[in-house]
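Results of the structural survey
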Amino acid sequence: METIKIGLVGLGTVGSGVLQMLTQNQAKISNITGRQLDVKTIVVRDINKPRNVSTDNIMLTDDLNQIINDPEIKIVVEVMGGIHPAKEVITALLNAKKHVVTANKDLIASAGEELAKIAHDNQCDLVYEASVAGGIPILRTIVNSFAADQIMEVKGIVNGTTNYILTQMQHRGWGYQEALKKAQELGFAESDPTNDVAGIDAAYKMIILSQFSFGVHLSIDDMKIIGIQDIQLEDVKQADSFGYTIKLLGIARRINNGIFAEVAPVLVAKDHPLATINNENNAVMVTGSAVGETLFYGPGAGGLPTANSVLSDIVSVTKNIVLGTTGNSFNNYQHETNLVTPEDVVYPYYLSLAMLDVPGQMLKLTQLMTKIGASFSQIVQTKQDDQSARVVIITHDMSKDQLAQLIAQIAEFKSIDLVAAYKVLGN
Ligand SMILES: NC(=O)C1=CN([C@@H]2O[C@H](COP(=O)(O)OP(=O)(O)OC[C@H]3O[C@@H](n4cnc5c(N)ncnc54)[C@H](OP(=O)(O)O)[C@@H]3O)[C@@H](O)[C@H]2O)C=CC1
Ligand SMILES: N[C@@H](CC=O)C(=O)O
């Protein structure tokens, strides 16, 4: 049987999983592809670092040229992460006519279009199933199984680290730092977890999902992004008593002729399927105008689950090599990008307010809401101490415009502070 040689750039959490899976599932992969797939060379930053997988008979190097200049290596897996130097590395690999499989959402969300063009010009494949929702095969599902439907909305939990942290805080009472440390130890978090907790990793994934679902090219600046760092335990408990759980959701929706995309903590009704997604698991809900609501669930982070998605890409590229059909972009659905106007984005909101406990405050708040044409379905006031109270409200539907007006008006009152304003997702 003919052999195809593979190069790996990166041998951390995901790279080790890829090497392990390729070694253990060799026979099955060969059966499906008709080719023997062997890892020949691995590029890492530090060749002396101890590894938890065997690299016997594989060249371990810190020199990318060992892959670029090796005509035997046809497919390269980039799992080093980050935008630079990963962008330069992938560009050089494609220009050297190597097919590239990557899990790098930061890079694909920021420069995917440019890299797809370089891949196309070189008749190479550039595929990245693992870049969104780890082990869930969502991108190819959207390309193949929603090809004829019009996707109206794609939303879900697309970051394993933050879902793990929120789950531990809510179910086990762990502190934020303790839960983050454990997520890092388990290999879910990025090497610098800032992007995870700040919602930026989820935003990158929503950019890729929006491209696949709506054919639009969003930039990170087109989205409002709020992470989980400022979620207060008091709001977690209050949400719970209202029948909701707080989840970091990515939402991308077609509204009229525009696209709305956002990442933020959302109060999800406990009987909504997304409320039941715990730990590092992810779930992506795709709503098509013909099919209706569909839900895809699975591990969103971790070495082997992510490696499984990388392997599905390697198999797909190998089949393309065998059939001589390489060079087609993973997704070439294109559409003009119009963003929605804030008046068109309507949700109920959970508002958490810290206020001085003096007479007339509640009346003031009610008047503010009436003035902007908003109303509420639930309100709870809790005394904090002699001078202050926490008031939480669940509003009826209001637009982002109304919310902005309310926030601006509240800011004018020294005696009322807005602690949180989260969207509410019913069942
Ligand atoms: N971890 C996860 O659950 C998931 C990760 N991803 C994505 O997969 C990619 C890899 O993530 P992960 O495996 O967790 O990352 P790790 O930090 O665990 O591993 C990174 C690897 O890349 C190598 N590396 C980093 N910089 C360089 C460089 N400049 N030159 C050569 N090698 C370099 C490191 O070398 P050395 O070992 O010598 O330090 C290391 O082996 C990222 O894009 C990430 O976003 C996607 C889905 C899930
Ligand atoms: N850090 C990411 C890893 C997978 O993309 C996450 O936690 O989801």
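Note that this is a predicted model, so its numbers are computed, not measured. (Residues numbered from 1 in each chain as written. Chains lettered and ligands numbered in written order. Predicted model: local features only at pLDDT ≥ 70, side-chain atom pairs only at ≥ 80, totals over all residues.)

Gly134, Asn159, Gly160, Thr161, Phe188, Ala189, Glu190, Asp196, Asp201, Gly300 and Ala301 make up every residue found near ligand 2. Among the residues forming the shell around ligand 2, the class breakdown is three nonpolar, five polar and three charged. (Near = placed C-beta within 6 Å. Nonpolar A, V, L, I, M, F, W, Y, C, P; charged D, E, K, R; others polar.)

Before going further, it helps to spend a moment on the site of ligand 1. Around ligand 1 sit 27 residues, and of these Gly10, Gly12, Gly81, Ala103 and Ala301 come closest. Residue composition of the shell around ligand 1, grouped by class: eleven nonpolar, eleven polar and five charged. Two domains each put at least three residues into the shell around ligand 1: domain 1 (3-134 + 304-323) and domain 2 (138-300). (Domains from an automatic or database assignment.)

Leu8, Val18, Met206, Val310 and Tyr422 are the most contacted members of the largest nonpolar core, which has 117 residues in total. Broken down by element, the residue count for this core peaks at ten residues, all from helix H10 (residues 200-214). Dropping the residues within four chain positions of it, Met206 is found in contact with Val158, Met223, Gly250, Ala252, Ala261 and Val263. (Core = buried A, V, L, I, M, F, W, Y, C linked by C-beta atoms within 7 Å. Buried ≥ 20, exposed ≤ 12 C-beta atoms within 10 Å, placed from the backbone. Helix = DSSP H or I, 4+ residues; strand = E, 2+ residues; numbered from the N terminus. Contact = placed C-beta atoms within 7 Å.)

This part is about the UniProt feature "binding site: NADP(+)" (unreviewed entry) in the protein. In the numbering used here, UniProt assigns the "binding site: NADP(+)" (unreviewed entry) feature to Val9, Gly10, Leu11, Gly12, Thr13, Val14, Gly15 and Ser16. Relative to the assigned elements, Gly12 resides in the loop between strand E1 (3-9) and helix H1 (13-24). By secondary structure assignment, the location of Thr13 is in helix H1. When residues no more than four places from it in sequence are discounted, the contact partners of Thr13 are Gly187 and Gly303. (UniProt positions renumbered as here; feature names shortened; annotations may be inferred.)

Following the UniProt record, one finds the feature "binding site: NADPH" (unreviewed entry) at Lys105. Lys105 sits in the buried class, given 27 other C-beta atoms within 10 Å. Once residues lying within four places of it in the same chain are set aside, the contact partners of Lys105 are Ser131, Val132, Asp201, Tyr204, Lys205 and Ile208.

So, on to the sheet that holds strand E3 (residues 59-61). In spatial order, the strands read E3-E2-E1-E4-E5-E6; together these six strands make up an open sheet with parallel pairing. Both outer strands of the open sheet, E3 and strand E6 (126-127), are each paired with one neighbouring strand and no more. By the bridge criterion, four bridges tie strand E4 (residues 73-78) to strand E5 (residues 99-102) in an arrangement that is parallel. Residue pairing in the sheet places Glu78 in a bridge with Thr102 of E5. (Pairing = 2+ DSSP bridges.)

Our focus in this paragraph is unusual backbone geometry. With omega at 10°, the peptide bond leading from His84 into Pro85 counts as cis. Along the chain, the position of Pro85 falls in the loop between E4 and helix H4 (86-95). Phi is positive for Asn57, close to 65°, though the residue is something other than glycine. The topology assignment puts Asn57 in the loop between strand E2 (36-43) and E3. With 8 C-beta atoms counted inside 10 Å, the residue Asn57 sits in the exposed group. Even without being a glycine, Lys97 presents a positive backbone phi close to 65°. Note on placement: Lys97 falls in the loop between H4 and E5. A tally of 13 C-beta atoms within 10 Å means that Lys97 is categorised as partly exposed.

Counting buried positions along E4 gives six out of six residues, so the element sits mostly inside the fold. The pairing of E1 with E4 spans five bridges and is parallel. If you follow Ile6 over to E4, its bridge partner there is Ile75. One crossover worth recording links E4 to the parallel E5 by way of H4, and it is right-handed. (Right-handed = clockwise from strand over helix to strand, strands pointing away.)

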